[in-house]
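Structural description and commentary
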Amino acid sequence: MGGRALRLDVTDPASVEALAAELDDVSVVVHSAGGALGQEPIAEADEEKWRAMYESNVLGVARVTKALLPALERSGAGHLVVLGSVAGVEVYPGGAGYTAAKHAVHAVTETLRLELLDKAIRVTEVAPGLVETEFSLVRYGGDRERADAVYRGLKPLAAEDVAELISFVVTRPPHVDIDYVGIKPTAQATATVAYRRD
């Protein structure tokens, strides 16, 4: 489909400003930066990990949206897609830092939908469950065995499954806004309940 690659660090305001200055026409923004760090209980919380998750997952969405909103509005049919998570509407032991960040992402996305209602800008949250990417490897600090165990005994989603859903969402007619869509593997019911074969 063409295009050019530009460097972006959503946690760095200067990087976001530089990206916005490079872009004249923007019709779709897919917020996919984020991730989880660790799985300690609150009593053992690493505040730096929590801060990093909030910075990339929540403030990154706010920062990039703010910077690109004028271009999205100029497009006449802009679309903001935010990659949330099942963790944005659920909680689980050991996940408070990540679920807090994703709950905030969910709240920001719903607020954007209200605030942009009078603009020609659609807002969608896509909330995946288990997707086999580098997500778990990052969460567990590069521990491959622990990361692989997350997906053991079931067929998780692939990144392509989520990408195809996003493609579907952004190609609906301009009068159709898919506000929220959850996507999980067939074997997963909630963030922590899944059927696993031995």
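What this report covers is the structure whose coordinates are included nearby. All values reported here derive from a predicted model rather than from experimental measurement.

**A few points about the pattern of salt bridges**
The final tally for this structure, using the stated rule, is eight salt bridges. Its salt-bridge partner being Arg-4, residue Glu-22 comes within 3.2 Å of it at the nearest N-O pair. Here Glu-22 is found in helix H1 (residues 13-22), whereas its partner Arg-4 is found in the segment before H1, with 18 residues between them in sequence. With a relative accessible area of 41%, Glu-22 lands in the partly exposed category. Note that Glu-40 is salt-bridged to Lys-49, the shortest N-O span being 3.1 Å. Classification of Glu-40 as partly exposed rests on a relative accessible area of 28%. Overall, Lys-49 belongs to the partly exposed group, its relative accessible area being 27%. One salt-bridge network, in which partners are shared between bridges, spans Arg-113, Asp-177 and Asp-179.

**Considering the packing of H1 against helix H2 (residues 47-75)**
Packing of H1 against H2 brings their axes to within 9 Å, and their N-to-C directions diverge by 30 degrees. Looking at the two axes, H1 sits roughly parallel to H2. The handedness of the crossing between H1 and H2 is right-handed. Between H1, through Pro-13, Val-16 and Ala-20, and H2, the contact on the second element is made entirely by Arg-63, Val-64, Ala-67 and Leu-68. Residue composition of the contact of H1 with H2, grouped by class: six nonpolar, no polar and one charged.

**So, the nonpolar core**
If you look at the biggest cluster of nonpolar residues, it comprises 14 residues, and the most contacted ones within it are Val-29, Val-64, Leu-72, Leu-80 and Leu-116. Listed by contribution, the elements that provide at least two residues to this core are H1, H2 and strand E3 (121-128). Looking at this core element by element, the count peaks at four residues for H2. Contacts of Val-29, omitting those with residues within four sequence positions, involve Val-64, Leu-68, Leu-72, His-79, Leu-80 and Val-81.

**Quick notes on the packing of aromatic side chains**
In the structure shown here, the tally under the stated rule is one aromatic pair. We note Arg-172 situated over the ring of Phe-168; from NZ or CZ to the ring centre the distance is 3.9 Å.

**Considerations on the sheet that holds strand E1 (residues 28-31)**
The four strands lie next to each other as E1-E2-E3-E4, forming an open sheet whose pairing is parallel. Two strands bound the open sheet, and with one partner strand each, they are E1 and strand E4 (180-183). For this sheet, the mean inter-axis angle between neighbouring strands, taken without regard to orientation, is 15 degrees. Direction of pairing for E1 relative to strand E2 (residues 78-83): parallel, over a ladder of four bridges. Within the sheet, the bridge partner assigned to Val-29 lies in E2 and is Leu-80. Contacts from helix H6 (residues 159-170) reach E1, E2, E3 and E4 within the one sheet, and its direction differs from that of E3 by about 160 degrees.

Here is what the cut-offs are and how they apply
By convention here, each chain's residues receive numbers from 1 onward along its written sequence. Residue-level local features of this predicted model are given only where pLDDT is at least 70; pairs of side-chain atoms are given and counted only at 80 or more, and the full residue set underlies all totals for whole chains, interfaces and linings. Hydrogens are left out, water is left out, and the side-chain values use all remaining heavy atoms of the structure. Salt bridges are defined by distance alone: a side-chain nitrogen of Lys or Arg within 4 Å of a carboxyl oxygen of Asp or Glu. In this text, helices come from DSSP runs of H or I with a minimum length of four residues, and strands from runs of E with a minimum of two, each type numbered from the N-terminal end. Any residue under 20% of the maximum accessible area for its type is buried, any over 50% is exposed, and the rest in between are partly exposed; the area is computed with a 1.4 Å probe on protein chains only. Note on method: axes are straight lines fitted to C-alpha atoms, helices fitted across the in-contact stretch only, with angles between N-to-C directions ranging 0 to 180 degrees. Working rule for angles: under 35 degrees goes down as roughly parallel, over 145 as roughly antiparallel, 65 to 115 as roughly perpendicular, anything else as oblique. The handedness criterion is simple: a crossing whose near helix is rotated anticlockwise from the far helix by less than a right angle is left-handed, and one whose near helix is rotated clockwise is right-handed. The criterion used for residue contact is that any of the two residues' heavy atoms lie within 4.5 Å. Residue polarity is assigned by list, with Asp, Glu, Lys and Arg as charged and Ala, Val, Leu, Ile, Met, Phe, Trp, Tyr, Cys and Pro as nonpolar; anything else, Gly included, falls into the polar class. Put simply, a nonpolar core is a bunch of buried Ala, Val, Leu, Ile, Met, Phe, Trp, Tyr and Cys residues held in one set by side-chain atoms that sit within 4.5 Å of each other. Any pair of Phe, Tyr and Trp rings, taking the six-membered ring for Trp, is counted once the centres come within 6.5 Å. Such a pair is stacked with planes under 30 degrees apart, edge-to-face with planes over 60 apart, and tilted for the rest. Ring-over charges, as used throughout, are those where CZ of Arg or NZ of Lys falls within 6 Å of the ring centre and within 35 degrees of the ring normal. Strands are treated as partners if at least two bridges between them are detected by DSSP.

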